[in-house]
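Listed here are the chains, written in short residue letters.
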Amino acid sequence: MTSRLAELHPRRFFLETWRALDERARRLRAERAEAGLGYDYRPLIVFCTGALLLTAMEYCGMQEHFDALVLWMVELEIAGSVDGIFFTELRHSEWYLLIAHAWWALWRVLGFLLLPMLIIKLSKGKVRDQYCSTKGFRDHLWIYLLAFAVVFACVIGVSFTEGFSTHYPFYEESHRSWFDLLTWEVLYILQFLGLEYFFRGWWLRSCESALGSHAIFAMIAPYVMIHFGKEWAETCGAIFAGVFLGTLAMRTRSIWGGFLVHCLVAVSMDIAALLQTTGLPTTFWPE
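To keep things clear, this report deals only with the structure shown in the data block. All of these numbers come straight from a predicted model, not from anything done at the bench. (Residues numbered from 1 in each chain as written. Predicted model: local features only at pLDDT ≥ 70, side-chain atom pairs only at ≥ 80, totals over all residues. Heavy atoms only, no water.)

Here the focus is the pattern of salt bridges. Tallied over the full model, the rule gives 10 salt bridges. Here R176 and D180 are joined by a salt bridge, their closest N and O atoms 2.8 Å apart. Measuring nitrogen to oxygen at the nearest pair gives 2.7 Å for the salt bridge that ties E208 to R205. You can see E208 and its partner R205 sitting in helix α10 (residues 178–211), three residues apart, about one turn around the helix. One exposure class covers both E208 and R205, and it is buried. One network of salt bridges, with partners in common, ties together R24, D129, R205, E208 and R253. (Salt bridge = Lys/Arg side-chain N within 4 Å of Asp/Glu carboxyl O. Helix = DSSP H or I, 4+ residues; strand = E, 2+ residues; numbered from the N terminus. Buried < 20%, exposed > 50% of the residue type's maximum accessible area, 1.4 Å probe, protein only.)

Structure (structure tokens):
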């Protein structure tokens with residue numbers, strides 16, 4: 001146990017890992033030069049297309065954009081430009097809010113996961129070669145679980161604050177039924193899979209030979225910016241979490257630990273907030 005905990009010493013965990021990553025990057029650049037591969041376009045592709053995807057999600061994939069789309073379609077139905085009353089009924093449906101949140105989550109699955117996979121294939125890369133190793137995850141599982149334990153203790157502490165309990169869960173009807181809560185958590189978890197693939201997989205893998213350990217810090221800025229609008233403590237925590245998870249992802253060549261921590265933390269935050277406010281659901285289906 002002592003030897004394992006020694007791995008978490010900042011000098012060993014961060015500095016030694018970063019030096020090893022920089023040395024690996026030098027070897028990879030030398031190999032590319034010897035093979036005559038020329039300019040490495042991967043960082044250019046990930047920065048430019050990544051910026052476009054983040055922009056699309058911000059300006060098309062939020063709940064207000066879904067609201068605007070539905071309202072526009074309702075107006076067309078009322079005017080007779082569109083046959084039927086599907087969107088009118090949807091607007092007044094008891095499931096409208098859940099569908100609106102599904103819009104948000106599925107846009108993130110598209111932008112963080114599916115479109116990056118397509119871009120990787122078009123650039124002749126391998127979809128599975130984006131830090132998707134399970135071996136590194138298994139070997140370092142204890143580190144991720146320890147990280148979750150630390151964050152969970154913080155979650156318990158802040159769950160008693162008013163800002164926390166009014167902000168989570170994002171889906172305001174989570175308490176209505178177990179179907180609502182479980183459906184929301186599945187959607188929430190799916191977008192975390194995309195998020196980890198995007199930031200700790202595709203982003204870092206594309207930049208590892210050109211930037212070495214600095215790929216982690218290039219990833220931090222957009223990663224923190226997607227947290228804007230959340231509680232300030234969570235946004236500040238994303239800086240440290242991004243460095244930690246990014247370092248561990250490049251060290252283990254695996255995104256699965258970060259995915260696990262994100263899922264455990266997110267679900268525990270939602271449950272903690274519900275327990276402090278409305279309580280957990282009492283029925284499986286809305287009454």
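The next point concerns helix α11 (residues 214–225). Residues of α11 that are buried: A215, I216, M219, I220, P222, Y223 and V224. Buried residues along α11 sit against α2 (10–34), α3 (42–60), α10, α12 (232–252) and α13 (256–276). (Contact = heavy atoms within 4.5 Å.)

This next bit is on unusual backbone geometry. Even without being a glycine, Y131 presents a positive backbone phi close to 60 degrees. If you trace the backbone, Y131 turns up in the loop between α6 (96–122) and α7 (135–139). On the accessibility criterion, Y131 (3% relative accessible area) is buried. Backbone geometry places R253, a non-glycine residue, at a positive phi of 60 degrees. Positionally, R253 belongs in the loop between α12 and α13.

Attention now goes to the packing of α3 against α10. Two numbers describe how α3 lies on α10: the axes approach to 8 Å, and their chain directions differ by 150 degrees. Regarding the angle of α3 to α10, the classification is roughly antiparallel. Judged by the sense of rotation from one axis to the other, the crossing of α3 with α10 is left-handed. Counting all contacts with α3, which are made through R42, P43, V46, F47, T49, G50, L53 and L54, the residues of α10 involved are F198, F199, W202, W203, R205, S206, C207, S209, A210 and L211. (Axes fitted to C-alpha atoms, helices over the stretch in contact; angles between N-to-C directions. Parallel < 35°, antiparallel > 145°, perpendicular 65-115°, else oblique. Left-handed = near helix turned anticlockwise from the far one by under 90°.)

Within the fold, T247 resides in helix α12. Judged by its relative accessible area of 0%, T247 is buried. Among the polar contacts listed, one links the side chain of T247 to the side chain of W18, at a separation of 3.1 Å. The contacts of T247, once residues within four sequence positions are left out, are F13, F14, T17, W18 and I216. (Polar contact = N/O pair within 3.5 Å; in protein donor to acceptor, adjacent residues only side chain to side chain.)

Attention now moves to the packing of aromatic side chains. For the structure shown, the criterion picks out 31 aromatic pairs. Each ring, one from F14 and one from W18, has its centre 5.5 Å from the other, and the planes form 50 degrees; the classification is tilted. Of this pair, F14 and W18 both sit in helix α2, four residues apart, roughly one helical turn. With centroids separated by 5.2 Å and ring planes inclined at 75 degrees, the aromatic side chains of W18 and F217 adopt a geometry described as edge-to-face. Of this pair, W18 sits in helix α2 while F217 sits in helix α11, and the two are 199 residues apart along the sequence. Residue classification places F217 among the partly exposed residues on the basis of a relative accessible area of 36%. Ring-pair connections join several aromatic residues into one group, and the members of that group are F47, F112, F198, F199, W202, W203 and Y223. In this arrangement the basic side chain of R91 is found over the ring face of Y96, its NZ or CZ atom lying 4.6 Å from the centre. (Phe/Tyr/Trp six-rings, centres within 6.5 Å; stacked < 30°, edge-to-face > 60°. Lys NZ or Arg CZ within 6 Å of the ring centre and 35° of its normal.)

The next thing to look at is the layout of surface pockets. For the second largest pocket, the calculated volume is near 790 Å³. Contributing to the lining of the second largest pocket are 25 residues, with E58, M62, W104, R108 and I226 lying nearest its centre. Among the elements that make up the lining of the second largest pocket, the one with the highest residue count is α10 (five residues). Classifying every residue of the lining of the second largest pocket gives 14 nonpolar, six polar and five charged. (1 Å grid on protein atoms, 1.4 Å probe; cavity = no way out; pocket = protein on both sides within 12 Å on 5 of 7 lines; lining within 4 Å. Points joined across faces, edges and corners; volume = space filled by probe spheres on them. Nonpolar A, V, L, I, M, F, W, Y, C, P; charged D, E, K, R; others polar.)

Turning our eyes to something else, we now look at empty space enclosed by the protein. Taken as a whole and judged by the stated rule, the model has one cavity of 30 Å³ or more. Approximately 30 Å³ is the volume attributed to the largest cavity. As for the largest cavity, its lining consists of L21, R24, A25, L28, E208, G212 and M250. When residues in the lining of the largest cavity are grouped by element, the largest group, four residues, is from α2. In terms of residue class, the lining of the largest cavity is built from four nonpolar, one polar and two charged.

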